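As a plain string of letters, each chain reads:
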Amino acid sequence: MSETWTEVGYAADVPMLEGRSVAFDGGRIAIFRLRDGWAAIDHSCPHADGPLADGIVADSCVTCPLHGHRYDLRTGLRQGDEGSVRTYEVRERDGMLELRVPVAVAG
Amino acid sequence: MLFDALAEPASRPRVLVVGGGIAGQAVCEQLGDGAQITLACAEPHLPYDRVNIGRLLTGEELPALQLRPADWYEDHGVEVLLDTRIAALDLDAGTAATAAGATLVYDRVVLCTGSDALVPPIPGIDAAGVHVFRGPEDCAAIVAATSSSRRAVVIGGGLLGLEAAHALATLGVPVSVVHLMDRLMERQLDGPAAALLAPAMADLGVEVLLEHATDTVLRGADGEVTGLRFSSGVELACDLIVVAVGIRAQVGLARDSGLAVERGIVVDDRLVTSHERALAVGECAQHRGVVHGIVAPIHDQAAVAAQTVLGVDADYAGSIPSAKLKVMGVDLVTAGAAEGEHAVVVADAAAGTYRKLILSEGRVAGTVLLGDTRGAELLLDAVRVGAVAEDPLALLADASKATAAELPDGAQVCNCNGVCKGDIVSAIREQELGSTQEVVAVTRAGAGCGSCKPIVAELLAIERGGAAEEATYLCPCRKQTREQLAAIVRTEGLESVSELGAACGAGHDCGACKPGLSYLVSEICGNRHREERHARYINDRVHANIQNDGTFSVVPRIRGGVTSAAELRRIADVVDKYEIPMVKVTGGQRIDLLGIRKEQLPAVWEDLGMPSGHAYAKAVRTVKTCVGSQFCRFGLGDAIEVGVDLESEMEGLYTPHKVKAAVVGCPRNCAEAYVKDIGLVAVEGGWEIYVGGAAGATVRKGDLLATVQTAADAKRLALAFLQHYREQAEYLERTYTYLERVGLAAVQEAVLDEELQAELLERYRIAKSAADPDPWRERYAPVTPKQFSALDTEHDLVGPPTGVAR
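Cut-off values and rules
- Residues numbered from 1 in each chain as written.
- Chains lettered and ligands numbered in written order.
- Predicted model: local features only at pLDDT ≥ 70, side-chain atom pairs only at ≥ 80, totals over all residues.
- Helix = DSSP H or I, 4+ residues; strand = E, 2+ residues; numbered from the N terminus.
- Buried ≥ 20, exposed ≤ 12 C-beta atoms within 10 Å, placed from the backbone.
- Contact = placed C-beta atoms within 7 Å.
- Nonpolar A, V, L, I, M, F, W, Y, C, P; charged D, E, K, R; others polar.
- pLDDT = per-residue confidence, 0-100.
- Pairing = 2+ DSSP bridges.
- Core = buried A, V, L, I, M, F, W, Y, C linked by C-beta atoms within 7 Å.

Remarks on the overall build of chain A
Part 1: The helix and strand tally for chain A stands at 1 helix and 9 strands.
Part 2: Along chain A, from the amino end to the carboxyl end, the secondary structure elements read β-β-β-β-β-β-β-β-β-α.
Part 3: Looking at chain A as a whole, 45% of its 107 residues qualify as buried.
Part 4: In chain A, the proportion of contacts linking residues at least 24 apart, taken out of those at least 6 apart, comes to 39%.

Digging into the interface of chain A and chain B
Part 1: Listed by partner, the interface residues are 30 residues for chain A and 23 residues for chain B.
Part 2: Where the side of chain A that touches chain B is concerned, the elements lending two or more residues are strand E1 (6-10), strand E2 (19-24), strand E5 (56-57) and strand E6 (61-63) of chain A.
Part 3: With 4 residues, E2 of chain A is the single largest residue contributor to the side of chain A that touches chain B.
Part 4: Partitioned by chemical class, the residues of the side of chain A that touches chain B number 16 nonpolar, 6 polar and 8 charged.

A short note on the environment of Lys715 of chain B
Residue and element names in this part refer to chain B.
Part 1: Within the secondary structure, Lys715 is located in helix H20 (residues 711-728).
Part 2: Of the residues examined, Lys715 has 21 C-beta atoms within 10 Å and is grouped as buried.
Part 3: Considering only alpha carbons, one finds Lys715 and Trp687, 28 residues apart in sequence, at a separation of 9.7 Å.
Part 4: Those residues in contact with Lys715 that sit more than four places away from it in its chain are Val642, Asp645, Leu646 and Glu649.

A closer look at the confidence of the model for chain B
All names here are of chain B.
Part 1: Averaged over all residues, the pLDDT of chain B equals 90, while 96% of them reach at least 70.
Part 2: For residues 1-9, every residue scores under 50 in pLDDT, and the model assigns this stretch 8 contacts once sequence neighbours within four places are set aside.
Part 3: Both scores are given for the predicted complex: the pTM is 0.56, the ipTM 0.95.

As for the sheet that holds strand E32 (residues 582-585) of chain B
All names here are of chain B.
Part 1: Pairing is antiparallel in the open sheet, where 4 strands are placed in the order E30-E31-E33-E32. The two strands at the open ends of the sheet, each matched to only one other strand, are strand E30 (545-546) and E32.
Part 2: Note: E30 against strand E31 (residues 552-554), 2 bridges, orientation antiparallel. Directly across from Asn545, in E31, lies its bridge partner Ser553.

Some details on the confidence of the model for chain A
Part 1: The pLDDT averaged across chain A works out to 91; a share of 94% of its residues lies at or above 70.
Part 2: Within chain A, the element-level pLDDT minimum falls on helix H1 (residues 103-106) of chain A, averaging 57, and the maximum on strand E3 (residues 27-34) of chain A, averaging 97.

Observations concerning the nonpolar core
Residue and element names in this part refer to chain B.
Part 1: Judged by nonpolar contacts, the single largest core of 92 residues is most densely connected at Val154, Leu197, Ile241, Val413, Ile424 and Val456.
Part 2: Top element by residues in this core is helix H4 (residues 159-170). It accounts for 8 residues.
Part 3: Not counting residues up to four positions away in its chain, the partners in contact with Ile241 are Gly129, Val130, Val153, Ile155, Val217 and Val225.
Part 4: Counting 84 residues, the second-largest nonpolar core is a separate cluster that includes Leu474, Tyr616, Val623 and Ile678.

See the structure below:
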């Protein structure tokens, strides 16, 4: 299943520099529209389950709205401390957003 | 089962740390990621700073002493088992049994069981009213007893006993310290220093009785303590006794596990006990015949123990004992030997100061500094390294003039957390720290008792070339201040956060400043800016306050705290319809509905039919009122009418931080106007306007801005002040810090001057006219797609507006 792309929603529903969450692969994923493309990570902050899709987005990171933990949207690594969230592959096709689990992670 | 034997390679040993004190914590910190750590704490608390336990007697709460926040353990993968006493160890098998019957598996175990209070076998010592001074529960019992105590006695004139006695005196209980020896703190002090310390303690209200051996604790009819009898036959009446004669290493578990135990658990230079699998660190360990009862050696031992566990060769060669008396008003620092064949002393009996350096074969072997501890870190380091001192008097004199710059890198600045000068300086340089607060947060120097904070600040000032601490940056990543960014917005005529970011880079790196940039742009543009929701915090995107479980709270506008039966019925109906889990009356005379899902917000607002209370925003929150002259027999002014009007005029505008206000009908101040950001108080013949008050984490009575004759004048001044604050304050700066920063006189000059006041009010009117009076109306026309839902959900639908809400 990791090989296949799954359609999860309309690209137009995610405003510039904001995130929206969606159910995928048994959990919830936060999808972000960045100036240079899309990014997708786990929606739940590993610290205290904060909703990362509701966080403030800068060029390449998102800040959890609950306690300010910050994650790099490309690598999933927490900045300034240890810890990470999973990242996912996301693309836009004909106005739709598609997700898949990266092969390396799924392996 | 905690460990899965196959889960981790052997390169990351499974380490069980027994004991959640300073030693256990230090071992965890030193092991870092090199091991899989389980920390078993017998007490129901996370590790706390027992060295500063005396602060629990004078009003501090235990969380203030906690060494690390709960998520530190989570973040560092340390499994913490609270309330878990280890009952038995099978060292050959590498297992441990908890008192509750669970089994833990480990490769190495580090015993950090610490010590118990030593209770001398005096007849009657088990009487009610006799306490030891060791844990938070002891402190709570002592504090409870002080409320009815008329006379207290502390048995033991060492470091801990003196700190306990001082705390009791501070709480207003007459207290005597009873000490067996002929001088206080005989392990750390020589005769002359101790002779100066006793009167210094007496000045603080602590009576000192030396060479008094307690023979019997006297008990009353109900078994309660009534006094002491000394070996001389003399009696001393008291109703509270604190025993602080020393500690006894906690060695029960080690002994039962077959380890070699003398006064403590015997360890070698690697901190390994008689069984290779077990190590011991801290007050429970006996190294080269010495059991340390102070904090500094713990950090040295923990470092070596961690290296041993991680397979690195390291030797612990013992520690130089050092001590610092934490009694306000008596400065005392000692290290190493207090006496020796060669010593130099500089003393001033009249001033109560005594500075001594002890030498051994030309090297510094100890120091005693009483009443004047200048240069203590330098001298402690000299003792630690055994510095050669050809002219010891000159060394003493130089130390008293030494600045932090002259400290060697290895000198320990923070004894609570074991942080050296070199650690602090390199953190400042590498992480480009700009304020003392940052340095404390990053290095943890100064996060314990705080006594070293002045040195931390001095080191920062030196690193910054004497420059004052860093300005408050609105965008810390690009080091841009509010003034600099405001200038860019004005000169380039920018109207949005994105334009500002494109012009100077602010907001691109971490994004933390985006809400501040939003405020700045909106304020300068008089709310005629281009609103960008991505630059707003989630609360300001959905106009509700996010809670710890990701749900939201809803607080409708209830101006002046005045509501009606119809509104209350609608609120009640909404609570039933949406099964809202919590309805709470707030401190601001409003009603909070908690636990609402984002998708429910539009429909909840629609059914409430009330405007937003802005409880989620940096904005004017509420104007509390008392009933004033409408009903109160003492009322001098119509607080309700003035309060409701003022709230209408102030609501809806963003401010640098939240603004709370109140109007009261007389100086009895029933709605707490004196401690609000803006408070109006009716007095005989007019109104007083108070500004910059606070009653949160900071408590501050507001400053009297002016006294005027009419309510209209009072409201006008309140609005002018609000606008001045909106224009001049840093983002997230409350009125009280802003007022202290710019000064009341400067504010009065701007707000009371007729012309300037008119300009402030005009700018306020412009901003107010463009502000959205009720963001909850976005339920009819969301400003972004899926504003109130997720990608795969929809918000509860709301029909077209039926009319203007209220």
